[in-house]
Amino acid sequence: MRPDALRKYRPFPPVDLPDRCWPGRVLESAPEWCSVDLRDGNQALPQPMSVEEKLAFFDVLAGIGFKQIEVGFPSAADSEFQFLRRLIDEGRIPDDVTIQVLVQTRDHLIRRTFEAIAGARRAIVHIYNSTSPLQRRVTFADATRESIRNIAVGGARLVKELVPTVPETEVVLQYSPESFSDTELDFALECCHAVMDVWQPTPEKKIILNLPATVEWSTPNVHADQIEWMCRNLKNRGSAIISLHTHNDRGTGVAATELGLLAGADRVEGTLFGNGERTGNLDIVTVALNLNSHGIPTGLDFSDLPTLRATYESVTRMLVPERHPYAGELVFTAFSGSHQDAIKKGLDRNAREARDAPDLPWGVPYLTIDPRDIGRSYEAIIRINSQSGKGGVAYILDREHGLDLPKTMQPAVGKRIYDLADNRGRELDADEIREVFYREFANLDAPLALVEYELVHDTGHRGEVRCSAVIRHDGAERSIEGVGNGPINAFVHALESAGLKDFKITDYRSHAVRGGSDASAAAYVQTQRDGDGKMLWGAGVDPSIEMAGLKALVTAWNLLRAD
Ligand code: KIV
Ligand code: ZN
């Protein structure tokens with residue numbers, strides 16, 4: 001902002017709570033959850049959900065494990081009313097799920113809400129009125145505290161009066177001093193007490209007091225202080241469920257909720273992926289998976305997050321951003337070389353250790369959870385661009401193409417590939433990486449090519465091998481022959497007999513190629529040039545392990561010539 005613009009703004013006043021307890025606490029269990037996707041989330045959509053979409057989404061929410069679902073504002077619109085009626089009349093509400101309905105503290109709306117819930121087994125009737133000084137001054141034209149409190153009391157009385165009109169429904173009462181986050185705490189408490197005086201909750205039949213950060217004005221520690229202050233000063237704490245409902249204007253809705261739970265709250269309202277007005281509601285997925293990542297069960301099942309995200313995106317027509325915690329496309333992807341190396345080491349070690357000790361804690365650098373636990377796969381974890389390193393390239397060649405490159409070969413291959421990504425100014429996909437590897441490091445056949453070969457084992461001496469080969473060198477074919485203690489060694493001697501040996505072999509590896517369409521072998525030969533001592537790896541891939549080894553040697557020979 002421009003400095004002169006700052007004149008418009010003021011610091012948010014702190015809460016006077018020097019003996020606050022929440023900073024020393026640790027979260028050990030999950031709160032009650034209430035999804036407000038079908039109400040707060042839906043009312044923020046550019047194109048709200050159709051009744052059919054809401055019905056499908058309700059099933060999804062119940063399937064995740066939500067036991068409380070706010071299904072709308074049935075008195076506000078006919079479509080909301082009809083949706084609720086269909087849920088009830090068509091018996092779509094599972095026995096262990098309680099629906100919640102929101103209504104302003106206005107008489108005709110409250111009456112209509114009771115018509116809407118008739119026949120439901122259990123329903124939370126959620127009334128609210130706005131309480132902050134700003135709302136009192138601007139929206140309610142300088143209304144007094146007393147008149148605002150009376151609105152809450154009037155609504156509470158009418159609700160109490162109407163409960164007997166739905167005898168087959170167990171009604172749970174919820175009150176929100178809307179705009180709690182910038183309401184004077186003593187006044188928020190006064191309104192909550194006034195509603196409690198009417199409803200007379202007990203420890204057996206508790207009231208839900210929802211304390212919304214309707215707008216997130218302050219840092220999360222202030223929110224936590226506000227919640228702790230309310231919990232401490234409420235006169236009948238044992239008869240109330242303290243509920244959080246944070247929005248995300250400052251981008252700290254999740255933090256505010258987590259600190260609010262430390263401060264003593266029992267319940268959390270929010271939406272999937274944080275859909276909601278302006279910057280959104282609290283993202284319940286993130287809070288629940290944060291708890292899971294500390295080993296805490298939540299009762300919510302996000303084990304197939306990609307499918308859930310796809311469903312969410314299709315019914316809401318919103319997109320989950322690529323960097324969104326847990327669900328975003330890129331959040332289990334590392335581009336940086338050093339991160340890729342560390343992740344590859346961590347995954348390998350974790351896989352090794354998990355075989356012997358399945359209860360060992362997860363420990364992979366840069367990954368707070370195992371992506372597989374939420375239905376994400378390893379394939380996307382490491383992606384290759386100019387920031388990537390040898391470990392990432394090796395990881396892709398290994399996981400995607402079954403090629404387990406020797407460690408000392410990885411730097412040269414990695415460098416070639418990320419230089420290319422830098423040159424193209426973009427990410428390379430797994431197939432492009434394979435293509436570069438095959439073009440530049442495997443089965444090279446110029447200037448030297450192996451045209452055909454024959455191996456005769458046990459030439460009379462135990463373990464001895466004779467190699468008769470046809471090679472093409474600088475365009476001319478010739479036959480060569482050599483004897484050695486193995487196929488590669490015999491071929492080296494054949495090259496020597498043709499005056500083409502100016503190197504020695506310093507390392508050799510081979511393995512079956514995993515997951516390939518045809519059963520192939522991969523071999524890697526490291527050679528060292530006579531004279532300057534330059535070392536290079538070449539690779540060969542072929543259905544025959546012997547041929548793979550010979551091709552690897554020819555490749556290394558060609559690379560030494562090119563270098
Ligand atoms: O954000 C809010 O204050 C609300 C209330 C109606 C609970 O959505
Ligand atoms: Zn809200």
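One structure accompanies this document, and this report is about it. (Residues numbered from 1 in each chain as written. Chains lettered and ligands numbered in written order. Predicted model: local features only at pLDDT ≥ 70, side-chain atom pairs only at ≥ 80, totals over all residues. Heavy atoms only, no water.)

### Observations concerning the site of ligand 1
Next up, step 1: With respect to spatial proximity, the complete set of residues near ligand 1 consists of Arg-39, Asp-40, Leu-102, His-126, Tyr-128, Ser-176, Glu-178, Asn-210, Pro-212, Thr-214, His-245 and His-247.
Next up, step 2: Within the side chain of Asp-40, an N or O atom sits 3.1 Å from an oxygen atom of ligand 1.
Next up, step 3: A distance of 3.0 Å separates an oxygen atom of ligand 1 from a polar side-chain atom of His-247.
Next up, step 4: Within the complex, 95% of the 260 Å² of free accessible area of ligand 1 lies under protein.
Next up, step 5: Looking at the shell around ligand 1, the elements with two or more residues in it are helix 1 (37-43), strand 4 (122-130), strand 5 (170-178) and strand 6 (207-213). (Near = heavy atom within 4 Å. Polar contact = N/O pair within 3.5 Å; in protein donor to acceptor, adjacent residues only side chain to side chain. Areas by Shrake-Rupley, 256 points an atom, 1.4 Å probe, with all protein chains shown as cover. Helix = DSSP H or I, 4+ residues; strand = E, 2+ residues; numbered from the N terminus.)

### Examining the packing of helix 2 (residues 51-64) against helix 11 (residues 305-316)
Helix-helix packing: each pair is described by the crossing angle between the helix axes and the interaxial distance.
Next up, step 1: Running from amino to carboxyl end, helix 2 crosses helix 11 at an angle of 155°, the nearest separation of the two axes being 11 Å. Taken together, the axis directions place helix 2 and helix 11 in an arrangement best described as roughly antiparallel. The chirality of how helix 2 crosses helix 11 is left-handed. Side by side, helix 2 and helix 11 meet where Glu-53, Phe-57, Val-60 and Ile-64 of the first sit next to Leu-308, Thr-311, Tyr-312, Ser-314 and Val-315 of the second.
Next up, step 2: Here the residues of the contact of helix 2 with helix 11 are counted per class, giving 6 nonpolar, 2 polar and 1 charged. (Axes fitted to C-alpha atoms, helices over the stretch in contact; angles between N-to-C directions. Parallel < 35°, antiparallel > 145°, perpendicular 65-115°, else oblique. Left-handed = near helix turned anticlockwise from the far one by under 90°. Contact = heavy atoms within 4.5 Å. Nonpolar A, V, L, I, M, F, W, Y, C, P; charged D, E, K, R; others polar.)

### Digging into the sheet that holds strand 2 (residues 68-72)
Next up, step 1: Taken together, the 8 strands give a closed barrel; going around it, the order is 1-2-3-4-5-6-7-8, and neighbouring strands pair in parallel fashion. Neighbour-to-neighbour, the strand axes of the sheet open up by a mean angle of 25°, direction not taken into account.
Next up, step 2: Pairing geometry for strand 2 and strand 3 (residues 98-104), over 4 bridges, is parallel. Among the inter-strand pairings, Ile-69 is bridged to a residue of strand 3, identified as Ile-99.
Next up, step 3: Sheet strands touched by helix 2: strand 1 (32-35), strand 2 and strand 3. Its angle to strand 2, the strand with the most contacts, is close to 165°.
Next up, step 4: Across the sheet, helix 7 (residues 185-199) is in contact with strand 4, strand 5, strand 6 and strand 7 (240-246); its angle to strand 5 comes to roughly 160°. (Pairing = 2+ DSSP bridges.)

### Quick word on the coordination of the zinc ion (ligand 2)
Next up, step 1: Summarising the metal site, the zinc ion (ligand 2) is bound by the protein donors Asp-40 (OD), His-245 (NE2) and His-247 (NE2), whose distances to it range over 2.0 to 2.1 Å.
Next up, step 2: Positions of the donor residues of the zinc ion (ligand 2), expressed as sequence spacing, correspond to D-x204-H-x1-H. Here His-245 matches His-247 in class, with each residue buried. (Donors = N, O, S within 2.8 Å, 3.2 Å for Na, K, Ca; no water. Buried < 20%, exposed > 50% of the residue type's maximum accessible area, 1.4 Å probe, protein only.)

### Some remarks on the packing of aromatic side chains
Next up, step 1: By the definition in use, this model includes 4 aromatic pairs.
Next up, step 2: When the ring of Phe-73 is compared with that of Tyr-128, the centres are 6.4 Å apart and the planes differ by 80°; the resulting orientation is edge-to-face. Placement of Phe-73 in the loop between strand 2 and helix 3 (78-89) and of Tyr-128 in strand 4 is noted, with a sequence separation of 55 residues between them.
Next up, step 3: Assessed through its relative accessible area of 14%, Tyr-128 is described here as buried. (Phe/Tyr/Trp six-rings, centres within 6.5 Å; stacked < 30°, edge-to-face > 60°.)

### Topic: unusual backbone geometry
Next up, step 1: A cis amide bond links Ala-446 with the next residue in sequence, Pro-447, at an omega value of 5°.
Next up, step 2: Topologically, Pro-447 is positioned in the loop between helix 15 (430-440) and strand 9 (448-457).
Next up, step 3: At Arg-317, a position not held by glycine, the phi torsion is positive, near 60°.
Next up, step 4: Tracing the backbone shows Arg-317 in the loop between helix 11 and helix 12 (337-356).
Next up, step 5: Residue classification places Arg-317 among the partly exposed positions, given a relative accessible area of 35%.
Next up, step 6: With a phi close to 75°, Tyr-366 is a non-glycine residue in the positive phi region.
Next up, step 7: Among the secondary structure elements, Tyr-366 is positioned in the loop between helix 12 and helix 13 (390-401).

### Observations concerning the pattern of salt bridges
Next up, step 1: Summed over all chains, the structure comprises 45 salt bridges.
Next up, step 2: Of the charged contacts in the structure, one is a salt bridge between Arg-232 and Asp-19, with a shortest N-O distance of 3.1 Å. Of this pair, Arg-232 sits in helix 8 (residues 220-233) while Asp-19 sits in the segment before strand 1, and the two are 213 residues apart along the sequence.
Next up, step 3: The exposure class assigned to Arg-232 is partly exposed, which follows from its relative accessible area of 38%.
Next up, step 4: With a relative accessible area of 47%, Asp-19 lands in the partly exposed category.
Next up, step 5: Residues Glu-52 and Arg-86 are paired through a salt bridge, measuring 2.8 Å at the closest nitrogen-oxygen approach. With a gap of 34 residues between them, Glu-52 in helix 2 and Arg-86 in helix 3 connect regions that are remote in the sequence.
Next up, step 6: The exposure class assigned to Glu-52 is partly exposed, which follows from its relative accessible area of 48%.
Next up, step 7: A single salt-bridge network, built from bridges that share partners, covers Arg-136, Arg-145, Arg-149, Glu-184, Asp-186 and Glu-190. (Salt bridge = Lys/Arg side-chain N within 4 Å of Asp/Glu carboxyl O.)

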